[in-house]
Amino acid sequence: MTDRTSTWPWVVIAGAAALSFTLAMVSPADAVQGNLVRIMYVHVPAAWLAYFAFFVTLVGSVGYLATRSLRWDRVAASSAEIGVFFTGLAIVLGMIWGKPTWGVWWTWDARLTLTAIMFFVYLGYLALRRTTTDPHIRAKRAAVLGIIGVVQIPLVHFSVTWWRTLHQPPSLIRPDGPQIQDSLMLLALVVGVIAFTAIYAALMVKRVELQAVEEQLTAAELSVDRPVAGEAVTAPDLALGGEA
Amino acid sequence: MTAGFWVQARSVADRDLLRERRRGEVLWITIPFGVIALLLVPLAVGTDIPLLRRIGPGLFWVIVMLFGVLVAVRQANTDSPAQRDAAALLGLDPAASFVGQTLTSALLLVGFEVLVGIAAVAFYDLPLQGWPWLLVVFPLVALGLALLGTLAGSIVSSVNAGTALVPLLVAPLSVPLLLAATQALEGLRLGRSILSWLLLMATVVLVLAIVGVLTARPLQETR
């Protein structure tokens, strides 16, 4: 049972990545962007996962405050870590795409800037978690930040609608339906989103397990009596009048 | 018998205002520092008046955000651990304490905005179209920053790296307020409606107030 639990996430990750990669490669090149469009099949799912992961952090944070169960905190923390990774990936891929398309690595586009700010909000969340070893104190502080931080998600998503920016409007989640006309391109994108979500789920399972083990390890380390100043200082033997 | 919620909040606000009146940190340190920052910017970007007139409103809000949040964080962490323990033992509602601290910070921040704003108008020759709207914009931004700073102060209190951590936590989260405030001033300059930006500010204030009140007790337990 334990073996199966520890193996299946890797199978899911490998399978989903292979499927997504294959479809991204067999889909046609874009009439305007050429092969550069293939970055979209990783960039869009990564951006979607950033939103989704931070929303799960919100759910975990509220769950912890409501139940005081550390399981919820582990979910929140693990999701934030994965979300930070995918936000960083989305930013880097966007920059790689932006250089040949816009001529610059970075432009002061509303979505780019707000996504970078969202990245730093959750980097702060992870930094806050490192400031204490007590799991419940850490969980309470982080939960509050996990709840406030989520206001960034609608700002980032709707920034392209609220402000006139270089970044194109949403491709999939639109009131008038997906913008992409070619069915194979749309399939590759939708499958990419599903595959990346499966990868997220698999990573979450592993990270939550690891988080529990880390907590046990920290608790074990803190429970061991240690010499106050290491081996360099020997406590005086009071029974001999401090002459030892 | 324990006093009601608003009586407790008022008492906390009165105490913090009295403390500020005695120490004068905001009036004699933070506000002059903000004005100095306004003076430094032209030395870095050039003293071209049309340029300063164009970027002045944005610079003013950036200074309000960066300095204002520090005012609120400082206000939230003025109690010693012994004072906090005594307040808890006396039955002070953590949510009332949060509201009281926030109201104090908001009041001080409105003063900060007004005085630094006057300096910005003088230094950068800023236009004053639609200035009556500032009577709504200033309190909303002040309240939002006060809520954010008080929350951040509560989160990092008793944390060793708290001072270093606060800017990282607060600066990105103040972005909705910064955007709404700068766009509101830009809208006033161009004679456009700023209601949507006021709505964004009010939403941020509401969300932060709800989160702050609901999480006041759990955060008190971490101190």
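Because the structure is predicted, anything quoted here is derived from the model rather than measured. (Residues numbered from 1 in each chain as written. Chains lettered and ligands numbered in written order. Predicted model: local features only at pLDDT ≥ 70, side-chain atom pairs only at ≥ 80, totals over all residues.)

## A short note on the overall build of chain B
Piece 1. Each helix and strand in chain B was counted, giving nine helices and zero strands.
Piece 2. Secondary structure of chain B in N-to-C order comes out as α-α-α-α-α-α-α-α-α.
Piece 3. In summary, chain B has a C-alpha radius of gyration of 18 Å against a globular reference of 17 Å for 223 residues, a match within 12%.
Piece 4. Counting only residues that meet the buried cut, chain B has 45% of its 223 residues in that class.
Piece 5. A separation threshold of at least 6 residues defines the contact pool for chain B, and within that pool the share at least 24 residues apart is 87%. (Helix = DSSP H or I, 4+ residues; strand = E, 2+ residues; numbered from the N terminus. Rg over C-alpha atoms; globule rule 2.2 N^0.38 Å. Buried ≥ 20, exposed ≤ 12 C-beta atoms within 10 Å, placed from the backbone. Contact = placed C-beta atoms within 7 Å.)

## Remarks on the overall build of chain A
Piece 1. Secondary structure assignment for chain A yields seven helices and zero strands.
Piece 2. Taken from the N to the C terminus, the helices and strands of chain A come in the order α-α-α-α-α-α-α.
Piece 3. Among the 244 residues that make up chain A, the fraction classed as buried is 33%.
Piece 4. Partitioning the intrachain contacts of chain A with sequence separation of at least 6 by distance along the chain shows that 76% fall at a separation of at least 24.

## Section: the packing of helix H2 (residues 40–67) of chain A against helix H7 (residues 183–223) of chain A
All names here are of chain A.
Piece 1. Where H2 contacts H7, the two axes come as close as 9 Å, and the packing angle between them is 45 degrees. With respect to H7, the axis of H2 lies oblique. As for how H2 packs across H7, the hand of that crossing is right-handed. Counting all contacts with H2, which are made through Met40, Tyr41, Val44, Pro45, Ala46, Trp48, Leu49, Phe52 and Ala53, the residues of H7 involved are Ala188, Leu189, Gly192, Val193, Phe196, Thr197 and Tyr200. (Axes fitted to C-alpha atoms, helices over the stretch in contact; angles between N-to-C directions. Parallel < 35°, antiparallel > 145°, perpendicular 65-115°, else oblique. Left-handed = near helix turned anticlockwise from the far one by under 90°.)

## Comments concerning the nonpolar core
Piece 1. Core analysis: the largest hydrophobic core is formed by 121 residues, its most contacted members being Ala53 of chain A together with Leu145 and Leu148 of chain B.
Piece 2. Counting residues per element, this core draws most heavily on H2 of chain A, which supplies 16 residues.
Piece 3. In this structure Ala53 of chain A touches Ser79, Ala80, Ile82, Gly83, Phe86 and Tyr200 of chain A, once residues within four positions along its chain are discounted. (Core = buried A, V, L, I, M, F, W, Y, C linked by C-beta atoms within 7 Å.)

## Describing the interface of chain A and chain B
Piece 1. Each side of the interface is counted separately: chain A has 19 residues, and chain B has 21 residues.
Piece 2. Secondary structure elements with two or more residues in the side of chain A that touches chain B: helix H4 (110–129) and helix H5 (135–148) of chain A.
Piece 3. Here the side of chain A that touches chain B is composed, by residue class, of 14 nonpolar, three polar and two charged. (Nonpolar A, V, L, I, M, F, W, Y, C, P; charged D, E, K, R; others polar.)

## Regarding helix H9 (residues 195–221) of chain B
Piece 1. Across its 27 residues, H9 of chain B extends 39 Å between first and last C-alpha, which sits within 8% of the 39 Å expected from 1.5 Å per residue.
Piece 2. When the local axis directions of H9 of chain B are compared, the greatest deviation, roughly 50 degrees, occurs at Thr215 of chain B, which is followed within four positions by the proline Pro218 of chain B.
Piece 3. Among all positions in H9 of chain B, only Trp197, Leu200, Met201, Val204, Val205, Leu208, Gly212, Thr215, Ala216, Pro218, Leu219 and Gln220 of chain B are buried.
Piece 4. Packed against the buried residues of H9 of chain B are H2 and H5 of chain A together with helix H4 (81–89), helix H5 (94–124), helix H6 (134–156) and helix H8 (175–190) of chain B. (Expected span 1.5 Å × (residues − 1). Bend = angle between axes of the 7 residues up to and from the residue.)

## Some remarks on H4 of chain B
Piece 1. In terms of residue burial, H4 of chain B counts as a barely covered element, since only zero of its nine residues are buried.
Piece 2. Positive phi appears at Gly91 of chain B, one or two residues downstream of H4 of chain B, with a value of about 90 degrees.

## Some details on the confidence of the model for chain B
Piece 1. With 96% of its residues at a pLDDT of at least 70, chain B reaches an overall mean of 86.
Piece 2. As scored by the predictor, the complex reaches a pTM of 0.76 and an ipTM of 0.71. (pLDDT = per-residue confidence, 0-100.)

## Quick look at the environment of Ser174 of chain B
All names here are of chain B.
Piece 1. With respect to the secondary-structure elements, Ser174 resides in the loop between helix H7 (162–173) and H8.
Piece 2. Overall, Ser174 belongs to the buried group, with 26 C-beta atoms counted inside 10 Å.
Piece 3. Each C-alpha atom of the pair Ser174 and Val141 lies 9.7 Å from the other, and the pair is 33 residues apart in sequence.
Piece 4. Not counting residues up to four positions away in its chain, the partners in contact with Ser174 are Met65, Val69, Leu145 and Leu148.

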